[in-house]
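In case you want the letters, here they are:
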Amino acid sequence: MKIVFRVNYRTHPGQSLWLKLAARFGGGKVEQRTVPLNWLNPEQWQGSLELHGKGPLRLEYHYQLRQDNNGVELDEWLAPRVFESAVGGLDTVVLLDTWCSAGTEDYAYETDALAALLPQRGPFRKPPSLRSANLVFRLRMAAVPPDAVPCLLGSGRELGDWDWTRAVPMVEVAANTWQAALALPDDHRLEYKYGLWNPAEGRVMALEQGENRVLGDHAYGARQWTQVSDEGYRRAQPERFHGAGVAVPVFSLRSEDSLGVGEFADLKPFADWALRCGLRMIQILPVNDTTSAHDWTDSYPYSAISVFALHPIYLRIDTLPYPMPKAFQAGIAAARKTLNPLPEVDHEAVM
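Residues numbered from 1 in each chain as written. Predicted model: local features only at pLDDT ≥ 70, side-chain atom pairs only at ≥ 80, totals over all residues. Heavy atoms only, no water.

**Q** How should I be thinking about the pattern of salt bridges in this particular structure?
**A** Close approach of charged atoms lets side chains of opposite charge pair. Considering all chains together, one arrives at 21 salt bridges under this definition. The closest approach of N and O atoms between Glu-43 and Arg-10, which form a salt bridge, is 2.3 Å. Taken as a pair, Glu-43 in the loop between strand 4 (38-41) and strand 5 (44-50) and Arg-10 in the loop between strand 1 (2-8) and strand 2 (15-25) lie far apart in primary sequence, 33 residues in all. By relative accessible area, which is 39% here, Glu-43 ends up partly exposed. Overall, Arg-10 belongs to the partly exposed group, its relative accessible area being 48%. Glu-31 is the salt-bridge partner of Arg-33, the closest N and O atoms lying 2.7 Å from each other. One connected set of salt bridges, linked through shared partners, spans Glu-105, Asp-106, Arg-235 and Arg-240. (Salt bridge = Lys/Arg side-chain N within 4 Å of Asp/Glu carboxyl O. Helix = DSSP H or I, 4+ residues; strand = E, 2+ residues; numbered from the N terminus. Buried < 20%, exposed > 50% of the residue type's maximum accessible area, 1.4 Å probe, protein only.)

**Q** Can you walk me through the environment of Leu-184 in this structure?
**A** Considering the arrangement of structural elements, one finds Leu-184 in the loop between strand 14 (177-182) and strand 15 (190-198). In the structure, Leu-184 is positioned 27 residues away from Arg-157 in sequence and 9.8 Å away in space, judged by C-alpha atoms. For Leu-184, the residues in contact, after removing those within four places along its chain, are Asn-134, Leu-135, Phe-137, Glu-158 and Leu-190. (Contact = heavy atoms within 4.5 Å.)

**Q** Sorry, what's going on with the nonpolar core here?
**A** Most often, soluble globular proteins keep nonpolar side chains buried together rather than apart. By size, the foremost hydrophobic cluster in this structure holds 31 residues, and its most contacted members are Phe-137, Leu-152, Met-170, Tyr-192, Tyr-194 and Leu-215. Among the secondary structure elements, those contributing two or more residues to this core are strand 9 (92-98), strand 10 (135-140), strand 11 (149-154), strand 14, strand 15 and strand 16 (203-207). With five residues, strand 15 is the largest single contributor of residues to this core. In this structure, Leu-152 is in contact with Phe-137, Leu-159, Ala-167, Val-168, Met-170, Ala-180, Leu-182, Tyr-192, Lys-193 and Tyr-194, ignoring residues within four places of it in sequence. (Core = buried A, V, L, I, M, F, W, Y, C linked by side-chain atoms within 4.5 Å.)

**Q** Honestly, the side chain of Lys-193 in this entry has me stumped. Any pointers?
**A** With respect to the helices and strands, the residue Lys-193 is situated in strand 15. Here Lys-193 is buried and forms no salt bridge, its nearest opposite-charge partner Glu-208 lying at an N-O distance of 6.6 Å. Once you skip the residues sitting within four places of it in the chain, Lys-193 turns out to touch Cys-151, Leu-152, Leu-153, Trp-162, Glu-208, Gln-209, Gly-210, Glu-211, Asn-212 and Arg-234. (Lys, Arg positive; Asp, Glu negative; His and termini not counted.)

**Q** Would you mind showing me how to read the packing of aromatic side chains here?
**A** By convention here, two paired aromatic rings are described through the distance between centres and the angle between planes. For the structure shown, the criterion picks out eight aromatic pairs. Judged by centre distance (5.5 Å) and plane angle (25 degrees), the rings of Phe-270 and Trp-273 are stacked. One end of the pair, Phe-270, and the other, Trp-273, are both in helix 3 (residues 267-276), three residues apart, so they sit about a helical turn from each other. Judged by relative accessible area, which is 15%, Phe-270 ranks as buried. Look at Tyr-300 and Tyr-302: their rings are 5.5 Å apart centre to centre, the planes differ by 65 degrees, and that puts the pair in the edge-to-face class. Of the residues examined, Tyr-300 reaches a relative accessible area of 46% and is grouped as partly exposed. Here a set of aromatic residues connected by ring pairs shows up, and it is made of Phe-5, Tyr-61 and Tyr-63. Here Arg-66 stacks its cationic end above the ring of Trp-18, 3.9 Å away from the centre of that ring. (Phe/Tyr/Trp six-rings, centres within 6.5 Å; stacked < 30°, edge-to-face > 60°. Lys NZ or Arg CZ within 6 Å of the ring centre and 35° of its normal.)

**Q** Help me understand the sheet that holds strand 5, please; the structure alone is not making it clear to me.
**A** Backbone hydrogen bonds hold the strands of a sheet together, and the pairing may be parallel or antiparallel. In space, the eight strands of this open sheet follow the order 4-5-1-9-18-10-14-13, with mixed pairing throughout. For this open sheet the edge positions go to strand 4 and strand 13 (171-174), each flanked by a neighbour on one side alone. The sheet shows a mean angle of 25 degrees between the axes of neighbouring strands, direction not considered. Bridge count for strand 10 against strand 18 (residues 224-231) is six bridges, and the pairing is parallel. From the neighbouring strand, Leu-139 faces strand 18, where its bridge partner is Asp-230. (Pairing = 2+ DSSP bridges. Axes fitted to C-alpha atoms, helices over the stretch in contact; angles between N-to-C directions.)

Below, the structure written as structure tokens:
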């Protein structure tokens, strides 16, 4: 079986792209290869190889950028990709990919900070039947509006001829992974865009920004399967996530229960306050341990000695699960009273 890999990525002189993959047919032995790709045009690199075996094919692969002058080898984000053949009798598989970058907007939506604000994904649907199809479009898109699903619209009858009522809705087959299967001639040039489809109205609500995407010549075999994997829906500014929040260092969250400086335990009531105010995000300075010099420089929050250890200055000592002598507890209470004096009240002004 011939496997063709093409990836969209703009490189500069002195850079090259490589393919690293592991392939297995059925329950056979895993075959690993590292293959240099060939420069195709200013936007694309391509390579192909022959694989032989019996049974279903499973590919795990990713692309790697190499820099000649300094030896840098950079793997794309979220490697590896996975492809499993779902159609028998193929002689060619064409994988048309886009370089996966950590800077893609949709991956920001999948970080813990933003994912907590967005609706949970699922349940996921099984991909539509592929028996009559020979081409699959896959789109990575997070933060999809609740009243919409991504869709395909483009040139040609199969993609609706740019008619906003005839677009091809996509289904979510995994978290933030959307798919549509079509039957298209392999030698047919297509221009297309992703959009947002409103199922209730049966029409496209909006199209992504930028120039049309292009699916050029991709005919390499008589019995061919093609998969197009695109990264990132090109959102207009109003379609991006918008949310109000507050930024505050933990040490500023002084309360009556703290010891002169804000503590981790103060984050809970602060979050409750933010929720009542309609705020959706809280941003703090780093809270990792910086104890190294044992002087005032240890207060600098960006010189952490560990990415795991939290700074002990923010602990609430008397809530730790350790037995404490009564004298020690009394000392803490006295220190708390000294460090957190009650504000003076002008009773006459109050009256």
